[in-house]
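# Results of the structural survey
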Amino acid sequence: MLTLKFGGTSMGSARRILDSAAIMVGRARADRISVVVSAVAGVSNKLQEAIDACETGANAVTFVQEIRRVHVEICSELQSLCTGFSADNVLKKIEVHFTELERLLTGVAVFGECPNSVHCRIMGMGELLCAPMVEAVLVTQQQRVVLLDSRKFIYTTGSQKEGEPDYARCAEALSAYREGTASSAQILLFPGFICSWIGGSGAKPMMGLLGRNGSDFSAAIVGASLGSKKVEFWTDVDGIYTADPRVVKDAILVKDMSYEEAMELSFFGSKVLHPKTLAPLAAKNIEAWSLNSHNPSARGTCIGRGPFESEKEAGPVRGISCLKDCAMISVSGAGMKGRRGMAARIFAAVSNAGISILLITQSSSEYTLSFCVRRSFAAAVQDVLKAEFALEISGRFINPIEVHEDCAIVSIIGDAMKEKLGVAGTFFDSLSSKAINILAIAQGSSERSISAVIKAVDGDMAVRAAHQFFFNTVQSIQVYAFGAGTIGGTMLDQIYEQHDALLEQGIDVRVMAIANIDGMIFNAEGIDLSDWREQVRKHGTKTNLDEILAFVHETKPFNPVFVDCTASYDLPERYIDVLKAGMNIATPNKRANSMSMEFYRKLRKTANDMHVRFLYETNVGAGLPIIDTLQNLFKSGDRLTAFNGIMSGSLSYIFGKLDEGKKFSEAVLEAKELRYTEPDPRDDLKGTDVARKALIIAREAGMEIELEDIVMNSIFPENFSLEGTTEEFLQKLPELDSYFAEKMAALKKQNKVLRMGASIKAGTVSVGMLEVGPDDPLYGVRGGENAFVFTTARYTPIPLTVRGYGAGAGVTAAGVFGDILRTVSWNMSSF
């Protein structure tokens, strides 16, 4: 015997029912089968909605008509798709249930209440309506099928709405079908969820329900009672995953797991079979399989006793779960220590209130005992404990009962955890990597699970972090790009071109937002970069940074990076808000680092407080490794004693041309035509950009300095006016040719050349022309090259020199892209 259970999504439409029936027929070819079916998808929710509405006086007919319409449409479609299926015959068969449903709901509306007995009869209608449709489909396919009323075979006690099976009586009721004497049918079909409830000694059985995941429980009871070799649970996913795929996009399908692992995962919130479903199967060593009716060829997940072949390639952690909507209750005080029976009083009080405890932890000093319950029970628990310990609280032997609401319990589960050192450390490291504070920790004596109580808002992030550490899955980066001009656009193209290569290395870079002068596009799943320019042009809306910050705050993406490739003066002023939203920043925009020292410090403090990164390698040398090199030097104890640098590609080009005998005016015009300079060359020639770069280097070296403290030595003679339009300035340029020609002639006699750059010496930062000889590292720098010469306590007398092209869209964009990739955490475990 084989037992199959089909959930609501497998019964969700005519085609889904036909697909499920095909699976049943295929299994029935090899063995007798028993089948349990749920209600059509959405019907159970609609029934609950009907109860709630009718309790307030709503019209019952409206709800009955809506539920009837769902089944009429499915039957009509089945008739068109399935030869021999009669919609009229099936609808006549189930009309008795619609009649009863209307009568029951009308009674609820009249009396304004729904007793348990009525609630059970209404909520069980979905399965009673669905099963006859499945039976009729199987009959059209020449299957020997018998539809059995689960209320005659499944008996429960305890709660009428969530009964406890009387397994002995269930087995006895099904014994004739187990032995094959009651029916020659190859398929035994049962409606799930419903049962007969025995309220007390000698009481007449009434219709009851099996509670949450009731149809799964039905299948387990039927499978155990019939002696099935395995029970297959057919849903709409391929099996059980290492984490919820809606939270962890690259969650891994688990091939096999033990009953105990599955029970732990389910208890702590995973969408796995409920422990009550697994208990009767585990007791009889019946395998449970999680399979996908939408993809029946997928292997699925086997839950059993083991050992499993797949264990050889699996790590110690089988899955990660998150139970949300929890509250943590803490009882503490000097009166707790050494007093016998305190824990018993706490748990008895909570138990007597009918409330289940999810997790327990106690400090080694016995000063505090904490436990978790569902958040909806927090106030009730607080009240019963206040009453229980009223005397101790009034005498200050026990502190007022503390309640931490909005908690989540994140758990890692695996049978092999106890055999592997460092599992707990890795778990806590993963939470620490995302600055997630742990409120409490609990571990079972079996060492099969470790749980951490955290703030509910951090639940999904904690699961993603732990999953990445234990399963070495793809590390994600979510980019929000502001500024998509020359540099920003080139960077986006580079991300597009490198995407597949990075994915092979385990890095998934997704661009979520792009903003430029045409507007902003945003996609929570990531933008297709193949035609991003066209998308922005056609669909761009008004750029809104606050919209991005709100999205990041609400969804908490795993590794968000805000990229500012604009030349904006205003946007850097919002960097504090960006960092506080939990986003990293990567930017070539020098504005933030050249603002006041107060803002400079605040940026770094905020980034540290939020455990995010502020990255600006391209502020100084485009793609050259300047900032990171300096930071590593200074962190290791080195210090700057002097600096000379050529930090402008355009000025490097212009002054290099003077070496070749070019007139100054010709060199400037040539650089402008080659687009080395800004549209107005004065923006380069004034040296303001060089000053900002020098300021950043000085601050990296630990100098407390403002932009206005930099000594600006103009390259222009005092009597030369920089006023007027760009065209007027360019027309006056030849007036400077003789001035520079004289300088170059004098320097040539000394075997020196003229360069434009910055210097740091004796605590002073200056910008202007530099006269350098052949022994100076800056002597041969020309043609757009940059050069940075650092003399430090360690690099002396030969200085550290970094030289290369420090301008251009390609190298600058690559530098920004490199900063983005530096946000990836490589602190991964080897599990």
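See the structure printed just above.
To start, this report covers the structure provided alongside it. (Residues numbered from 1 in each chain as written. Predicted model: local features only at pLDDT ≥ 70, side-chain atom pairs only at ≥ 80, totals over all residues. Heavy atoms only, no water.)

When helices and strands are counted, the protein shows 30 helices and 32 strands. Computed over its C-alpha atoms, the radius of gyration of the protein comes to 36 Å, more than 25% above the 28 Å expected for a compact globule of 831 residues. The principal-axis extents of the C-alpha atoms in the protein amount to approximately 120 × 75 × 55 Å. With 831 residues in all, the protein has 52% of them scored as buried. Excluding contacts between residues fewer than 6 apart, the proportion of contacts in the protein whose partners are at least 24 apart in sequence is 72%. Here the protein displays about 36,500 Å² of accessible surface, and carbon together with sulfur accounts for 49% of that area. (Helix = DSSP H or I, 4+ residues; strand = E, 2+ residues; numbered from the N terminus. Rg over C-alpha atoms; globule rule 2.2 N^0.38 Å. Buried < 20%, exposed > 50% of the residue type's maximum accessible area, 1.4 Å probe, protein only. Contact = heavy atoms within 4.5 Å. Areas by Shrake-Rupley, 256 points an atom, 1.4 Å probe, with all protein chains shown as cover.)

On to the sheet that holds strand β7 (residues 194-197), then. Taken together, 4 strands build an open sheet; the order of strands is β5-β4-β7-β8 and the sheet is mixed. Each edge of the sheet is formed by a strand with only one pairing partner; in this case those strands are β5 (163-165) and β8 (206-209). The mean inter-strand angle of the sheet, taken between neighbouring strand axes irrespective of direction, is 55°. (Pairing = 2+ DSSP bridges. Axes fitted to C-alpha atoms, helices over the stretch in contact; angles between N-to-C directions.)

Scanning all chains against the criterion turns up 45 salt bridges. Here K230 ties to E232 by a salt bridge, and the two come within 3.6 Å at their closest N and O atoms. Across the pair E392 and R345 runs a salt bridge, and its minimum N-O distance is 2.8 Å. Of this pair, E392 sits in helix α14 (residues 390-394) while R345 sits in helix α12 (residues 342-352), and the two are 47 residues apart along the sequence. By relative accessible area, which is 24% here, R345 ends up partly exposed. Sharing partners across several salt bridges, the network here consists of K657, E660, K662 and E670. (Salt bridge = Lys/Arg side-chain N within 4 Å of Asp/Glu carboxyl O.)

Residues spaced three or four apart along an α-helix point in a common direction, a consequence of the helix completing one turn every 3.6 residues. Its 22 residues place the ends of helix α3 (residues 60-81) 32 Å apart at the C-alpha level, agreeing with the 32 Å of an ideal helix rising 1.5 Å per residue. All of the buried residues along α3 are A60, F63, V64, I67, H71, I74, C75 and L78. Taken end-on, α3 shows its buried residues confined to a sector of 100°, consistent with a single buried face. Those residues of α3 that are buried lie in contact with α1 (14-28), α2 (43-54), α4 (87-111) and α6 (125-140). The residue sitting at the N-terminus of α3 and contributing the capping side-chain oxygen is N59; that oxygen lies 3.0 Å from the backbone nitrogen of V61. (Expected span 1.5 Å × (residues − 1). Arc of directions from axis to C-beta. Polar contact = N/O pair within 3.5 Å; in protein donor to acceptor, adjacent residues only side chain to side chain.)

With that out of the way, let us pick up the sheet that holds strand β3 (residues 145-147). Overall, mixed pairing links the 8 strands, which are arranged β3-β6-β2-β1-β9-β13-β14-β12 in an open sheet. In this open sheet, the two edge strands, each paired with only one partner strand, are β3 and β12 (256-258). Averaged over all adjacent pairs, the angle separating strand axes in this sheet is 20°, with direction ignored. Pairing geometry for strand β1 (residues 2-6) and strand β2 (residues 33-37), over 5 bridges, is parallel. In the strand pairing of β2, F6 is matched with V37. Each of β1, β2, β6 (187-191), β9 (230-235) and β13 (287-292) touches α1; the most contacted strand, β1, lies at about 175° to it. Together, β2, β3 and β6 form the strand contacts of α6, whose direction differs from that of β6 by roughly 160°.

Take the packing of α4 against helix α5 (residues 116-123) next. Across the interface, α4 lies against α5 with an axial gap of 10 Å and an inter-helix angle of 145°. Judged by the sense of rotation from one axis to the other, the crossing of α4 with α5 is left-handed. Residue-level inspection shows E100, L101, R103, L104, L105 and V108 of α4 in contact with α5, the latter providing V118, R121 and I122. (Left-handed = near helix turned anticlockwise from the far one by under 90°.)

A few words now on the side chain of E127. With respect to the helices, strands and loops of the structure, E127 is situated in helix α6. Buried charge without a partner: E127 forms no salt bridge, and the closest opposite charge is K5, 8.2 Å away. Sequence-distant contacts of E127, that is, excluding residues within four places in its chain, are made with V37, S38, A39, S44, P191, G192, F193 and S215. (Lys, Arg positive; Asp, Glu negative; His and termini not counted.)

All right, on to unusual backbone geometry then. The amide bond that connects T796 to the next residue, P797, takes the cis arrangement and shows omega of 5°. Here P797 is to be found in the loop between β31 (785-792) and β32 (800-805). Located in the positive-phi region is R396, a residue other than glycine, with phi close to 65°. Here R396 falls in the exposed class, since its relative accessible area comes to 76%. In this structure, A622 is a non-glycine residue whose phi angle is positive, near 55°. One can find A622 in the loop between α22 (618-621) and α23 (627-635). On the basis of relative accessibility, which here comes to 4%, the residue A622 falls in the buried class.

Packing of α2 against α4 leaves a shortest axis separation of 8 Å and a crossing angle of 35°. Contacts from L47, A50, I51 and C54 of α2 reach α4 at L101, L105, V108 and A109. A per-class count over the contact of α2 with α4 returns 8 nonpolar, no polar and no charged. (Nonpolar A, V, L, I, M, F, W, Y, C, P; charged D, E, K, R; others polar.)

Quick look at the pairing of strand β22 (residues 507-516) now. Within β22, 8 of the 10 residues are buried, which leaves it mostly tucked inside the rest of the structure. For the handedness criterion, the β-α-β arrangement of strand β21 (residues 475-482), helix α17 (residues 486-504) and β22 is classed as right-handed. Where β22 and strand β23 (residues 519-522) come together, 4 bridges link them in antiparallel fashion. Paired with A513 across the bridge in β23 is F522. (Right-handed = clockwise from strand over helix to strand, strands pointing away.)

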